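Here are the chains, one letter per residue:
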Amino acid sequence: MIIYSRDPEGDRAFFRDTLGYQHVDAGHGWLIFRLPPAELAVHPTDGEPAHELFLMCDDVEATMAELTANGVEFTIPVTEERWGLRTALRLPGGGELGLYEPRHPVAI
């Protein structure tokens, strides 16, 4: 996975310091992060193909409280979807990441 960013140092610091993801330095400050287990879903579209990245958590409200205490900005309120509770957070580089608490069987 690659995230393109207007502030790569800020986004790297976010994953390193705020989320606490383990990482290695591939040289010259290029951090490569170990990600938690992940799931992949493929959805149909009539529009242009797109990709989204969602972090999954066990308790969206508790995770939001923890991240908010670390200065994370959430861009949308929690909404209930048929598949879970979702919100989104702002990365320092201006991008967004989805965050959700699944209400479906998980593959991990």
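Residues numbered from 1 in each chain as written. Predicted model: local features only at pLDDT ≥ 70, side-chain atom pairs only at ≥ 80, totals over all residues. Heavy atoms only, no water.

Asker: I'd love a proper account of the nonpolar core, names of residues and values included.
Answerer: Phe-14, Phe-15, Leu-19, Phe-74, Leu-89, Leu-97 and Leu-99 are the most contacted members of the largest nonpolar core, which totals 18 residues. Secondary-structure elements contributing two or more residues to this core are α1 (8–18), β2 (31–33), α2 (60–69), β5 (84–90) and β6 (96–102). Contact partners of Leu-97, with chain neighbours within four places excluded, come to Ile-3, Phe-14, Phe-15, Leu-53, Leu-55, Thr-87, Ala-88, Leu-89 and Leu-91. (Core = buried A, V, L, I, M, F, W, Y, C linked by side-chain atoms within 4.5 Å. Buried < 20%, exposed > 50% of the residue type's maximum accessible area, 1.4 Å probe, protein only. Helix = DSSP H or I, 4+ residues; strand = E, 2+ residues; numbered from the N terminus. Contact = heavy atoms within 4.5 Å.)

Asker: Break down α2 for me, with residues and values.
Answerer: Those residues of α2 that sit buried are Val-60, Met-64 and Leu-67. Buried residues of α2 fall within an arc of 70° about the axis and therefore sit on the same side. Turned more than 90 degrees away from the buried face of α2, the exposed residues are Glu-66 and Ala-69. Those residues of α2 hidden inside the fold are in contact with α1, β4 (74–81), β5 and β6. Its side-chain oxygen placed 3.1 Å from the backbone nitrogen of Glu-61, Asp-59 serves as the N-cap of α2. Phi for Gly-71, located one or two positions after α2, is positive at around 90°. (Arc of directions from axis to C-beta. Polar contact = N/O pair within 3.5 Å; in protein donor to acceptor, adjacent residues only side chain to side chain.)

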